[in-house]
Amino acid sequence: MSVSTSVTARRMVAAALAAGALVGSASVSASAAEPRFERSHVAISRVQADAPGFDDRSARSLNAEWVELTNSGRRGVNLDGWTLSDREGNRYTFNHYRLAPRSTVRVHTGFGRDTNRDLYQDRRNEVWNNHADVATLRTERGRFVDSVSWGSRHDRDHGRDDNRGRDDHRGHGDDHRGHGDNHGH
């Protein structure tokens, strides 16, 4: 009887181990199937912080100050709720906007009519400091996507000079439509 008991006990232990392995592999498969945050193909591609000519707060001057975002992916990206902000905390929040695949949108500081290629912050004052600032892009949940820095403050703080566009540098790191502060532009 002891031989059959030990064989039965071994079979039960083997069956329990096999069942545990099955449950373990099922949980691994389930967690592997969960959606993960996909790295965005959207990045800040160019910045024009210093509008050509005088910074006189005219529509022409304000709209010549802009940040470009480019989607290099093969799928459109819903930017609804994403934010673009400066070092001082001024934020622009994208509202019901989808950036098409392999396309660019220019976000102007001043007033205008939004289109697929041009969006307007509807501000009466400059946002981007001509001499030193940081443009930061975040998702609707506040996840960092990209930032670009320029100027002497950036050079001192970060010590990097990866040029993108006009005098702008890559950095690391509440929507107030119609509200902007003049930062000595």
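Anything mentioned here points back to the structure above.
In short, a report on the structure. (Residues numbered from 1 in each chain as written. Predicted model: local features only at pLDDT ≥ 70, side-chain atom pairs only at ≥ 80, totals over all residues. Heavy atoms only, no water.)

## A word on the packing of aromatic side chains
In step 1: Overall, the coordinates contain two aromatic pairs when judged by the stated rule.
In step 2: On the basis of an interplanar angle of 75° and a centroid distance of 5.0 Å, the ring pair of Tyr-92 and Phe-94 is categorised as edge-to-face.
In step 3: In this structure Tyr-92 comes out as buried when scored by relative accessible area, which is 2%.
In step 4: On the basis of relative accessible area, Phe-94 is assigned to the buried category, the value being 1%. (Phe/Tyr/Trp six-rings, centres within 6.5 Å; stacked < 30°, edge-to-face > 60°. Buried < 20%, exposed > 50% of the residue type's maximum accessible area, 1.4 Å probe, protein only.)

## Remarks on the pairing of strand β2 (residues 66-71)
In step 1: With five of its six residues buried, β2 lies for the most part within the structure.
In step 2: Bridge count for strand β1 (residues 42-48) against β2 is six bridges, and the pairing is antiparallel. Counted as the bridge partner of Gln-48 is Trp-66 from β2.
In step 3: As paired strands, β2 and strand β7 (residues 103-108) are joined by six bridges and run antiparallel to one another. Within the sheet, the bridge partner assigned to Thr-70 lies in β7 and is Thr-104. (Helix = DSSP H or I, 4+ residues; strand = E, 2+ residues; numbered from the N terminus. Pairing = 2+ DSSP bridges.)

## A short note on the pairing of β7
In step 1: Relative to strand β8 (residues 118-120), β7 runs parallel, the two sharing three bridges. Bridge assignment links Arg-106 to a residue of β8, and that residue is Asp-118.

## Quick notes on unusual backbone geometry
In step 1: With a phi angle near 65°, Arg-57 is a residue other than glycine that sits in the positive phi range.
In step 2: Relative to the helices and strands, Arg-57 resides in the loop between β1 and α2 (59-63).
In step 3: Accessibility expressed as a relative area gives 42% for Arg-57, which makes it partly exposed.
In step 4: Of note in this structure, His-96 is not a glycine but carries a positive phi near 50°.
In step 5: Its location among the elements puts His-96 in the loop between β5 (91-93) and β6 (98-99).
In step 6: His-96 sits in the exposed class, given a relative accessible area of 68%.

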